[in-house]
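In case you want the letters, here they are:
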Protein chains: 2
Amino acid sequence: MASKRRLGLETSKTRSALMDAVGNVMREDGYGALTARSVAERAGLKHQLVYYYFQTLEDLLIATYERHIERYLARIELALESEQPLHAFWQVHANPTDATLNSEFLSMANHNEAIRTRTVEFGEHVRRLGFEKIEKLFRRPAGGQDAVNPFAVTMAITAIGSNLGLETAIGITGGHTELRALIEWCIDQLEPTSP
Amino acid sequence: MASKRRLGLETSKTRSALMDAVGNVMREDGYGALTARSVAERAGLKHQLVYYYFQTLEDLLIATYERHIERYLARIELALESEQPLHAFWQVHANPTDATLNSEFLSMANHNEAIRTRTVEFGEHVRRLGFEKIEKLFRRPAGGQDAVNPFAVTMAITAIGSNLGLETAIGITGGHTELRALIEWCIDQLEPTSP
DNA sequence: GTCTATACACCGATAGAC
DNA sequence: GTCTATCGGTGTATAGAC
């Protein structure tokens, strides 16, 4: 299974540049355009260098995904530690910067076992984090509604945020202002701005 | 631009089988796995037949997408004509059958101009349809909240429904019951089951 | 309407020189 | 650490026989 080819160090700048290039190619041309040649060209390198730093193209892809979700997780943890975790959590997901890339990885998860496993783990982890931090907001009868559940709120925020980001990326704009207003109204009810 | 190669009829069963195969390949292996060979093999045909019925592989893809959104639109229109359009609209989107395929097309829209244009047109069209039919539910003060807007409700339903479907497809289940309960509670408020 | 044969480009991956 | 050279495989697309 394991090739005997020698590999470059994980601290290498070139290695990191290859991972940057993977993200750029996926954003601009989709995961279907990912080849050792397209990635290397984006980084200004020869395609054979991919195989100096990674055993296979898929190894490069998985390393890029790991780095991507680590950075995402850091943003979420920072948000949940802020004074208004629910507002901050929404801000992270209302920002459409990574919507396209996230969507590409999610599509890949449907067809690539390694990406799928990691996505499920990560998804459940974020949900748990959101639950733990946001849960206490619901102890008092903020909206006075039994049906409002921390899990549900966490999910609704991520689902709607990613969808807004995706639509923005391809050029659908109708109703976005209205939906953002609705979400922000709901969040204000659950986590009042003036304490 | 246009090749002089002869083309098969649009009424052909084989042509339709090729479009079925496109959907199956995309669902199971992703849009990145779409090739004339993979599609034809799925349909039990030789790959050269793709080029008897379509000028290019992209033409086959676009024809498949047109058929896909036509069928989707028919389901939505049927739902919006029912006695409880909001409940029916949610049921269409709560069904995860097409979530994976929809997501593949949405990813493609980011990188393929023809698919992108068609997706924007279709997205805005569905939003308008939902708006027109659902709007009247909000004339009376059902929830008594100004922030609740028909556009926003239409979007929230589609966003959350597709996200639930995607997560179900890859195996994330946490919080789904809770979120469905929340959505259905909201919908019951806006469109009471017992009139 | 479906087949065989074929064109030429690009793919992942490796070996080995520098 | 990066390069040239090369492999077998697969891609789109076409021409033309049946």
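Residues numbered from 1 in each chain as written. Chains lettered and ligands numbered in written order. Predicted model: local features only at pLDDT ≥ 70, side-chain atom pairs only at ≥ 80, totals over all residues. Heavy atoms only, no water.

Thoughts on the overall build of chain A
Secondary structure assignment for chain A yields nine helices and zero strands. Judged by the C-alpha coordinates and their principal axes, chain A covers about 60 × 35 × 30 Å. The buried share of chain A, taken over its 195 residues, is 48%. Here the contacts in chain A between residues at least 6 apart in sequence split such that 68% fall between residues at least 24 apart. Here chain A displays about 9,900 Å² of accessible surface, and carbon together with sulfur accounts for 53% of that area. (Helix = DSSP H or I, 4+ residues; strand = E, 2+ residues; numbered from the N terminus. Buried < 20%, exposed > 50% of the residue type's maximum accessible area, 1.4 Å probe, protein only. Contact = heavy atoms within 4.5 Å. Areas by Shrake-Rupley, 256 points an atom, 1.4 Å probe, with all protein chains shown as cover.)

Re the packing of helix H4 (residues 57–80) of chain A against helix H7 (residues 113–134) of chain A
All names here are of chain A. The contact between H4 and H7 brings their axes to 11 Å, and the two run at 5°. Comparing the axis directions of H4 and H7 gives the class roughly parallel. Together, Glu-58, Leu-61, Ile-62, Tyr-65, Glu-66, Ile-69, Tyr-72, Leu-73, Ile-76, Glu-77 and Leu-80 of H4 and Ala-114, Ile-115, Arg-118, Thr-119, Phe-122, His-125, Val-126, Leu-129, Gly-130, Lys-133 and Ile-134 of H7 make up the contact between the two elements. For the contact of H4 with H7, a count of residues per class yields 14 nonpolar, three polar and five charged. (Axes fitted to C-alpha atoms, helices over the stretch in contact; angles between N-to-C directions. Parallel < 35°, antiparallel > 145°, perpendicular 65-115°, else oblique. Nonpolar A, V, L, I, M, F, W, Y, C, P; charged D, E, K, R; others polar.)

Here's the deal with the protein's contact with DNA strand D
Around DNA strand D sit 20 residues in total, of which Arg6(A), Lys46(A), Arg5(B), Arg37(B) and Tyr51(B) are the nearest. The share of sugar and phosphate among atoms of DNA strand D within 4 Å of the protein is 55%. Contacts to DNA strand D include Arg6(A), whose side-chain N or O atom sits 2.8 Å from a base oxygen. Tyr52(A) places a polar side-chain atom, nitrogen or oxygen, 2.9 Å from a phosphate oxygen of DNA strand D. For the surface near DNA strand D, the residue count by class is seven nonpolar, eight polar and five charged. (Near = heavy atom within 4 Å. Polar contact = N/O pair within 3.5 Å; in protein donor to acceptor, adjacent residues only side chain to side chain.)

Quick notes on the packing of aromatic side chains
All names here are of chain B. This structure, assessed with the given rule, holds nine aromatic pairs over all chains. Measuring from centroid to centroid gives 4.8 Å for Tyr-52 and Tyr-53, while their planes differ by 75°, and the two rings are edge-to-face. Taking the relative accessible area as the measure of exposure, Tyr-52 reaches 30% and is therefore partly exposed. Overall, Tyr-53 belongs to the buried group, its relative accessible area being 11%. Residues Phe-131 and Phe-151 carry aromatic rings whose centres are separated by 4.4 Å and whose planes lie at 20° to one another, so their mutual orientation is stacked. (Phe/Tyr/Trp six-rings, centres within 6.5 Å; stacked < 30°, edge-to-face > 60°.)

Details of the protein's contact with DNA strand C
Neighbouring DNA strand C are 18 residues, the closest being Arg5(A), Arg37(A), Tyr51(A), Arg6(B) and Lys46(B). Of all DNA strand C atoms lying within 4 Å of any protein atom, the proportion belonging to sugar or phosphate reaches 54%. Ala36(A) has a polar backbone atom sitting 3.0 Å from a phosphate oxygen of DNA strand C. A distance of 2.8 Å separates a base nitrogen of DNA strand C from a polar atom in the side chain of Arg37(A). Elements represented by at least two residues in the surface near DNA strand C include exactly helix H2 (36–42) of chain A together with helix H3 (50–53) of chain B. Grouping the constituent residues of the surface near DNA strand C by class yields seven nonpolar, six polar and five charged.

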